[in-house]
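# A look at the structure
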Amino acid sequence: MAGDDSSGSQTGQSGLIVRVPEAEPAVRVWRERLDPSARAGVPAYVTVLFPFLVESRIDRGTLATIAEVFRRHRSFEARFEHCGRFPGILYLSPEPAASFCRLTEAIADRWPETPPFGGQFDDVVPHLTIAQGQDDAVLGEAESDLCGRLPVTAHVSAVDLMVYDGSRWQHRASFALG
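Right, let's walk through the structure included here.

What counts and how
Residues numbered from 1 in each chain as written. Predicted model: local features only at pLDDT ≥ 70, side-chain atom pairs only at ≥ 80, totals over all residues. Heavy atoms only, no water. Helix = DSSP H or I, 4+ residues; strand = E, 2+ residues; numbered from the N terminus. Buried < 20%, exposed > 50% of the residue type's maximum accessible area, 1.4 Å probe, protein only. Contact = heavy atoms within 4.5 Å. Axes fitted to C-alpha atoms, helices over the stretch in contact; angles between N-to-C directions. Parallel < 35°, antiparallel > 145°, perpendicular 65-115°, else oblique. Left-handed = near helix turned anticlockwise from the far one by under 90°. Pairing = 2+ DSSP bridges. Core = buried A, V, L, I, M, F, W, Y, C linked by side-chain atoms within 4.5 Å.

Looking at the element boundaries, L16 is found in strand β1 (residues 14-19). On the accessibility criterion, L16 (0% relative accessible area) is buried. With 88 residues separating them in the primary sequence, L16 and T104 have C-alpha atoms 9.0 Å apart. Setting aside chain neighbours within four positions, we find L16 in contact with T47, V48, L49, F52, F70, I107, V159, D160, L161 and F175.

Okay, the packing of helix α1 (residues 24-34) against helix α5 (residues 136-147) next. It is the contact of α1 with α5, at a shortest axis distance of 10 Å, that shows an interaxial angle of 165 degrees. When the axis of α1 is compared with that of α5, the two are roughly antiparallel. In this structure, α1 crosses over α5, and the sense of that crossing is right-handed. Only V138, E141, A142, D145 and L146 of α5 make contact with α1, whose side of the interface consists of A26, V27, W30, R33 and L34.

Glancing now at the sheet that holds strand β3 (residues 76-86). Across the sheet, which stays open at both edges, the 4 strands sit in the order β5-β4-β3-β6 with antiparallel pairing between neighbours. A strand with exactly one partner marks an edge of an open sheet, and here the two such strands are β5 (128-132) and β6 (152-156). Each adjacent strand pair in this sheet contributes to an overall mean axis angle of 30 degrees, direction not counted. Relative to β6, β3 runs antiparallel, the two being bridged by 5 bridges. From the neighbouring strand, A78 faces β6, where its bridge partner is A154. Against the sheet, helix α4 (residues 97-110) engages β3, β4 (89-95) and β6, with an angle of about 95 degrees to β3.

Further remarks concern the nonpolar core. With 47 residues, the main nonpolar core has L16, V27, F52, F70, F80, I107 and L128 as its most contacted residues. Among all residues touching I107, those that are not within four sequence positions of it are L16, V48, L49, F52, I66, V69 and F70. Counting residues in each nonpolar core, the second largest holds 8 residues, with Y45, F50, M162 and Y164 among its members.

Following this line, the structure appears as structure tokens:
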């Protein structure tokens, strides 16, 4: 999930994501082929916070607090018109990115011990991963195909909690935006 190779995920690891089912027709084939998280059960998504708390720390009170944090944010429309790249990674860029950043900031502020991406990046760039760990030729082939399938517009109304069970990512809860 979230730009990681799921083979390196640990049982009980969790993440908060925005599912983007509207993107599935455009991205499914590429993600299943080129993104390990797709093969491990993660749908098309934009990361809100990864890694989040280990599953053993997520109880009813934690779930209620997560719901409260996200209820303070309104649902919104996101548009995916362009591809972007990190080294070895192809992704779709959502607009407005700031709406995703606000969700990330709100939940990271509540749980400062869980910085986005483990604190390894100075800036969080919202994105929907298509391919990771690929060379430029493969990324170029996927990008060329995707350009003909964009734009994709999505209605963002919830954030989902996903937990890794040792072999696949499982949906554990959804939190509605206000």
